[in-house]
Amino acid sequence: MILKDDTGVVGWTWRVGNYLLLFVSLTAVQVHSDLEFTKDKHYSWKTGQWGRCMGEECGSGGVQMRTVWCIHSEGWTTHHSNCRHADKPESQRHCFKVCEWHQDLFEWEVSEWGPCVLVPFLSNELRLRASSCITAQHGIQRRRVQCVRTSNRTVVTDRICEFFSHRSALEQACLIPCPHDCVVSDFSAWSGCSKTCGVGLQHQTRVVLATPMYGGANCPNLTQTRTCSNPVPCPVGENEYEYSLKVGPWSECRLPQHKGLWLSGRTMLDFSVTSGSEKEKNSVKRHIQSALHHHHQHHLHHHNPKAWDLEIGYQTRQVRCTRSDGRNAMLSLCTQDNSPGTFQSCIMPKDCETSDWSPWSPCSKTCRAADLSPGYRFRTRSRIQAPIGGGKECPALEEKEACNIIGDLLPHCPRYIWKSTDWGDCRVAPLLSQQDRRLNNISALCGGGVQTRETYCIQVPDDSIPPHRKEVSRPVNRKLCAGDMPAAVQPCSIPCPEQCSPTPWSSWGACVHDNCMEPQGRKGFRQRWRQVLVEAAGVSDSCPHLLESMPCEDPVCFQWHVASEGACATTQGACGPGTANQTIVCVSTKGRRVPGELCAAAEGAEEAEDELPPTEVACEVACAGDCVVDSWSRWSPCSHSCSSKTTEGKQSRTRTILALPGEGGKACPAATALEEWRSCNDHPCIVFYWEASPWEPCVEDPSASANGTNQWNSTALCSAAAAGTQTRTATCVKMNIGPVIPKRCPDSARPDSDRPCLLPCKTDCRVTPFSEWTACPSTCLPVNATIPTQSRYRTIIQRSANAGQECPDTLYEERECEALPVCPSFRWRTHKWHPCTLVPDAVRQGITGPGEACGKGLEVRGVSCVGEDEEPVAVGGCLRWAGAMPQRFRPCWVPCKDDCAFSSWSKFSECTGCGGPRSRKRTLTGRSRKRPRCQREDLFPLSETEECPCDAYLSQPYGNWSSCILLDVPVAGSRHGWQARRDAKECGQGLRFRAVACMDQGGHLVRPDLCSESGFVEEDCHIPCPLDCKLSDWSPWSPCSTSCGSGLKVRSKWLREKPFNGGRPCPKLDLKNQVRVYEAVPCHNECSEHVWVTEAWSVCTINAVDELPACGEGVQSRKIRCVSRGSEGHAASVNDTLCDPEEMPFRGQTCFLPCPSECVMSHWGPWSECPTPCNQDTVRERTRHMFRPPASDQTCPEDVQTEPCVLNATCFTYQYNVSNWSTCQLSENAVCGKGTRARFLDCSRSDGKMVELNVCEEASLENLWELIVSCVVECPINCILSEWSAWTECSHTCGNQGQMVRARSVLQPAHEEGRPCPSQLSQTKPCPIRPCYTWHLGEWSPCRVEGAECGEGVRERNLSCMVHWGDWLDASSPKPVDDEWCGDRLSKESEQELQLPCFVPCPGDCHLTEWSSWSSCQLTCLEGRSFETMGRQARSRAVVVQVVENQESCPHQVFETRSCKGGKCHSYEWRTSGWRDNERSVWCQRSDGVNVTGGCFPQNRPTTVRHCQPLCTKPFSHCTQSGVCGCEKGYTEVMTTHGFLDYCTKTPGAVNKKADVKTNSGRLKPGPSQIQDFFGEWSLRPVGPDGRIKLWVYGVTAGGFLLILLIISVSFLFCNPAKQTKSSSPPQKPLTLAYDGDADM
């Protein structure tokens, strides 16, 4: 526990004693390291580390244990009995147990890891062997770990912290790249000799390409020097030394002190040698007390007005005379007429002054993002005063620091997504071509179209907001949304209106009651009807009436009908009267069989007018000799559907005589009795029908509202439509008259007057909230500037519908920005120049130099900042708002006695013209007129000429014309231009622009507004409008593809004009330039448009020549007519050629009239049907019955006749056939979209003949054919583009390279044959050419020493304001202008080095060369790859020795490196030349081909001298080129059995020829010949060791010879020309294909 009293003194409680005990016990503990007690030389004890102190309570009663074991000297563990027990270390000891609360008092303090340093391979070897390093070398890093108190961080013994935790590692291994030795270039060529006579020195230098790294070898000497001698000896008696005036550097600028203090320093002459330990001789020096040195500190002085006052001081330098051997000499030996100045005026240094730091900017990271990157904030300060006179440079003017690094407390970053409005109305007009747009009624278009919508970007609402509070998000900047934008255009369809298509009227029905179930009265109706084939769609009118009625009397709904009648059964004998049974059924008026109760009920209601027919009827069978008459035929159709005053309906029936009577038989009826007529359809022709009005709009059902079941809500969004009702009026209309009372129309056919419907949802208009106001400028407004505006907008998401709330009128708002501050008005006020200030006399008296107070000096003036009220203010305002500070000091000149005196300059002469010359003059005055020096006009000009100022400017167009830009027509209240300008024209009249360069008379570029208001030349231009492909009108329909049955008829279009300027493309063309645009529709040709109609047969006529009875075989005839099909009843005849002659019925036939005694049979009935399919084993039959029995001795002919079923003769099969599909048929007002394809159905007989369709239907054939299918005609969608974006800012603020760009994007690419997208999706417009003003640094001048031949000098470069066109490489080079155009010169000078100290060596000086150029950028690489982004480059200065005596005073060579970007990996390898006399050159080469020294491993260096092994020690022997020992010329080698040279023996009698080689065993071997020497270097040698040619050489020679023979033979065969035959085929004309150059073919 720690107690603290009021005085702040900390008191310790009773635990102080425990602390002391803990510290004493821990320091008293002896830490035994691993001990080894030897029992013998093989076994010893080994101990482990002491464990933690254990105990029940903390304090001194703890116990500490460790492990003890016995080990062998080789390291393996053995039984403890092998070690001496007397020497066994203790395994347990008492210790002080640390309490838990002790741990809070101490802790380990761990420092950062130190740098990685090399570790030597051997203990005594500190240098790495480079050849052993492959990728990296071992290093070690160290750090400091110490135990400290947590209270005051004082260090205590490590043992305390070791009780709590183990100490962290103090060292760790690390890797360092392999050593990189210094790499230098080759030596340059030798310089010239330092002397022109006698013996001198010359040198050659090299430069550093790469500095040593990671322990690599240091750089070698960069200079080599050697003596050189001239053939011309130095003249005798000439002075041995040369003398040069040498100046030192200028001292710091100092303020002059009072005279007594200044004279405490003295000027002394020193003639000692200029060595490092000796003093300089013969130098003018000023020894100043250190207390007089002026130190400048960086302070903020902008609150102190006097800090702006400039002080003029002085500075001095040493001047001495040096001898060519490096020693100093008397100044008189070097003195010139104009001795160099040793003092000069200067501006006292003033440090850079800055303002206070601005507040920190808001953190750039304001939300928690997924990338976990920190944010940054900035603060800035401005420069109030640039450094002057070498004062301290300005510190950083901007600070940046990380903020919100973790960001856990920040809200999540907003997410932005794309949203879109509802789709707009479907429009077909954009799909029309230019040709269709002129022909179509735009308002009636339907079918496929396009619809658009707007897209906008919103911020995703935060998940923490309750769902019921989430609203439609306001639109934000579109740039915030990433990803693909939703589609803004999609295809759509407008349903085409379809007219109701009814079937033809049926025939009039029978007279029936209005309600057959409840008949009333004797009035009824006859009706006819039709059905709807295609329902009406998309039109307000419903289908026409489908039922018509005519009033009639005596209606009958049901009646009895004789279904069948049996044979007549005579009552007596075979002939005479009898009875016949008949089947009676009840049928409806439509012929359908119904229950008999309905007919019975009708009988009761109609007083049995239509009684039930009897089941038996009287009949008679003709007897022999009686006349036989056939049964009555059916009644013919009624001739008229109704009766009027002029027309009456009639129908008839007939019967024929089958047998004439014999003698005494019953006579035949009269001819008139063979035909009966009756009236029909005698009701008047008055037609009534119900006419229904169109359905009224769907309204709320009152009954549903009363029951509370209606859920239709006008305010809330409804999810499902509610139930409503629609009504209409039904009116009874009399044909061609008008409405009548409803009773005249059948009430059962009355249309419904109401029906349920679905009420559509009431849809209110939905808009987004207004976007944020656009930002107003954050800066102040210049005087007389227009007030800026800000705007906001909102977007309609959903249009109102079904009486919903309308959309607001205002979608765009604009307002002026709130009152912005007017920029303050500050200006610089300059005061008069002070008198010219020279170095004070007190200074001049103590320094060698002219004593007269004249010459160069400095003058200053005051500069202050004033506001609008002309009162002084802080200079910060002027620095920000008034531009650069005016000049505050300048050099001046106080004339001396001997200076040339001049009069004042005269006024300039009058200007004769714009840009002409004007001049001014001056004259010499006083004694100067007689001095020759003053009369030199090259030094002192007496006249000046300059150009007259001119305000005339010359403009000239520059650059290319811009694109042709159509004039934008703004749409009021519309923000999204592409939505409003979708139909805007993309062609027509426009403007194109060209920049204008404005120049003054001197050719300097000036502001463009001096020549023109806009800075452009404008010119009208025209963008040609696109012309679509034009096709012809539809051709007439072709004939039907089939003459009988269903087929197709076709019409087509062809090309009239090709597209131009990006118009709609044409469909593909065929070879005849015919467009493949056709339309095919199904058609049907009746197989027989005309049919034969027959009348009844005439009476069979017997050609009897006698009076015998008229019976037997005769002839009968009938009339036939050709009429149109469908009008067989009463139509007029047409030409017989129109009917098929093969199907013409017979006009006459033979007939047979039975004689009176013969049997009379009826006509044959119809043939029965053959089974399907046809089977030849089956038969069909027909029957007839007997009308008159024969005499007793005769029989009746057969009454049943059969014939086999033969396919295509007596039996036929039928099948459905379909025509080809038509093309996709659209509505006449549709361009594309959904349509139908149709085909017709036919019924064909098995013999190929087309029959009526009802034949297949009656055959009950299954019809699986689909006759109408839906189809889609792809819409030719034109390319739809977005609006043009706003023009971008100029890409360059000045110069001629600036451009403004605007672009548009493709919202919908062209589809099918739509108009393609234009190629120009971006447009550029030049910016006005404004002059670029740039500070330009000139080249460094040579080192210039003022007033002396050598010593300390300066290099200078000029800082000039240049005007240029933005491109330095442009033909119009930059030209100098006044500095005021470029800004603050003083600030720019403070940022650039305009003067650099330099040194001009005197003759005999040992000096450094100039800095070499920077080497190429090089990376540290491993196997050709680098893991660093920044490389290094180096430069160096070598030492040049001019006189041998001065070598001791030479400086050291220097080199330096700097970082660079874009480095390359370089590798080094040894290169060798060819061997020559067993020697060769070896050098190191870099991978870029540069020869270097260093970089290659020395251990891998190839040898430069080749030696034979073993050495050639025999007399007259030498090492040959092949590396073996040989004998000299004139000696023969004698070899050992192992192939080595044994000795050399002289060849007898041979000078150029060697004798045979002998071995020591006496065997002769041929010596090496010249050819052997030639082939000796080959890897595949044709000559063997014995000098003989090897066998494979002969084989190769033979093969080559055969190959040459083969080549000659083949060449002869191919080159021999074939004989031409006398007969040749006639020349063929070339096949020419006609092509008209049409690219579309």
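Residues numbered from 1 in each chain as written. Predicted model: local features only at pLDDT ≥ 70, side-chain atom pairs only at ≥ 80, totals over all residues. Heavy atoms only, no water.

Within the chain one finds 13 helices and 105 strands. By residue count, 31% of the 1641 residues in the chain fall in the buried class. Across the chain, contacts joining residues at least 24 apart in sequence account for 69% of those joining residues at least 6 apart. Within the structure as shown, the chain displays about 104,000 Å² of accessible surface, and the carbon and sulfur contribution to it stands at 52%. (Helix = DSSP H or I, 4+ residues; strand = E, 2+ residues; numbered from the N terminus. Buried < 20%, exposed > 50% of the residue type's maximum accessible area, 1.4 Å probe, protein only. Contact = heavy atoms within 4.5 Å. Areas by Shrake-Rupley, 256 points an atom, 1.4 Å probe, with all protein chains shown as cover.)

We now examine the sheet that holds strand β12 (residues 155-156). Strand order in the open sheet formed by three strands is β8-β11-β12, and the pairing between neighbours is antiparallel. The sheet terminates laterally at β8 (106-110) and β12, the two strands that pair on one side only. Where β8 meets strand β11 (residues 145-149), five bridges bridge the pair, whose relative direction is antiparallel. Opposite V110, over in β11, you have V145 as the bridge partner. (Pairing = 2+ DSSP bridges.)

If you walk through the whole model with that rule in mind, you get 37 salt bridges. We note a salt bridge from D87 to R84, for which the minimum N-O separation is 3.4 Å. E813 is paired through a salt bridge with R792; the nearest N and O atoms lie 2.9 Å apart. Taken together, the residues span a long stretch of sequence, with E813 in strand β54 (residues 812-816) and R792 in strand β52 (residues 789-793) at a distance of 21 residues. (Salt bridge = Lys/Arg side-chain N within 4 Å of Asp/Glu carboxyl O.)

What tends to happen in soluble globular proteins is that the nonpolar side chains get buried as a cluster. If you look at the biggest cluster of nonpolar residues, it comprises 13 residues, and the most contacted ones within it are A997, L1005, I1329, W1335, C1361 and W1365. Looking at this core, the elements that each hand over two or more residues are β63 (988-999) and β88 (1359-1364). Counting ten residues, the second-largest nonpolar core is a separate cluster that includes V98, V156, C161 and F163. (Core = buried A, V, L, I, M, F, W, Y, C linked by side-chain atoms within 4.5 Å.)

Attention now goes to the environment of D1136. Residue placement: D1136 occurs in the loop between β71 (1120-1124) and β72 (1148-1153). With 44 residues separating them along the chain, D1136 and W1092 place their C-alpha atoms 8.5 Å apart. If sequence neighbours within four positions are ignored, D1136 has contacts with W1092, C1122 and R1147.

Let us look at the sheet that holds strand β5 (residues 68-72). Pairing in this open sheet of three strands is antiparallel, and the strands run β3-β5-β6 from one edge to the other. Among the strands making up the open sheet, the edge pair consists of β3 (43-47) and β6 (77-78). Here β5 pairs with β6 via two bridges, running antiparallel. Paired with C70 across the bridge in β6 is T78.

Turning next to the pairing of strand β20 (residues 319-323). Buried residues dominate β20, accounting for five of its five residues. The two faces of β20 match: V319, C321 and R323 on one face and R320 and T322 on the other face are all buried. In this sheet, β20 lies alongside strand β18 (residues 243-247) in antiparallel orientation, the contact comprising five bridges. Pairing of Y243 across the sheet is with R323, part of β20. Alignment of β20 against strand β21 (residues 328-329), held across two bridges, turns out to be antiparallel. Residue pairing across strands places T322 opposite N328, the latter belonging to β21. Linking two consecutive strands that pair antiparallel, namely β20 and β21, is a turn of four residues; a positive phi of about 95 degrees is found at G326 within it.

Glancing now at a nonpolar patch on the surface. A cluster of nonpolar residues, L1603, L1606, I1607 and V1610, forms a patch on the protein surface that exposes about 360 Å² of accessible area. Secondary-structure assignment places V1610 in helix α13 (residues 1591-1615). (Patch = residues over 30% accessible without salt bridge, like charges linked within 9 Å, V, L, I, M, F, W, Y side chains within 5 Å.)

Next up on the list: unusual backbone geometry. The bulk of non-glycine residues show a negative phi, and the bulk of peptide bonds are trans. The phi dihedral of R153 falls on the positive side, at around 60 degrees, and the residue is not glycine. Inspection of the secondary structure assignment puts R153 in the loop between β11 and β12. For R153, a relative accessible area of 35% translates into the label partly exposed. Phi at S1260 is positive, roughly 55 degrees, even though this residue is not glycine. Structurally, S1260 can be placed in the loop between α10 (1253-1258) and β81 (1268-1273).

Here R66 shows up in the loop between β4 (59-65) and β5. Buried within the structure, R66 lacks any salt-bridge partner; E90 is the closest side chain of opposite charge, at an N-O distance of 5.4 Å. Polar side-chain contacts of R66 include one of 3.0 Å to the backbone oxygen of E90. (Lys, Arg positive; Asp, Glu negative; His and termini not counted. Polar contact = N/O pair within 3.5 Å; in protein donor to acceptor, adjacent residues only side chain to side chain.)

As a further point, take the environment of C1211. As for its placement among the helices and strands, C1211 is situated in the loop between β76 (1200-1204) and β77 (1214-1218). Overall, C1211 belongs to the buried group, its relative accessible area being 3%. Look past the residues within four positions of C1211 in its chain and what remains in contact with it is C1170, P1171, C1174, C1205 and V1206.

Let's shift gears to the confidence of the model for the chain. The predicted model of the chain has a mean per-residue pLDDT of 79, with 83% of residues at 70 or higher. In this model residues 709-717 is a low-confidence stretch, pLDDT under 50, and it forms 16 contacts with partners more than four residues away in sequence or in other chains. (pLDDT = per-residue confidence, 0-100.)

Glancing now at the packing of aromatic side chains. Applying the stated rule across the entire model yields six aromatic pairs. Aromatic side chains F1516 and Y1531 sit 4.2 Å apart centroid to centroid with 15 degrees between the ring planes, which places their arrangement in the stacked category. Placement of the pair is F1516 in the loop between β99 (1491-1493) and β100 (1517-1519) and Y1531 in strand β102 (residues 1531-1535), with a sequence separation of 15 residues. The side chain of R678 reaches across the aromatic face of W635, ending 4.1 Å from its centre. Its end group placed over the ring of W1037, K1049 keeps NZ or CZ at 5.4 Å from the ring centre. (Phe/Tyr/Trp six-rings, centres within 6.5 Å; stacked < 30°, edge-to-face > 60°. Lys NZ or Arg CZ within 6 Å of the ring centre and 35° of its normal.)

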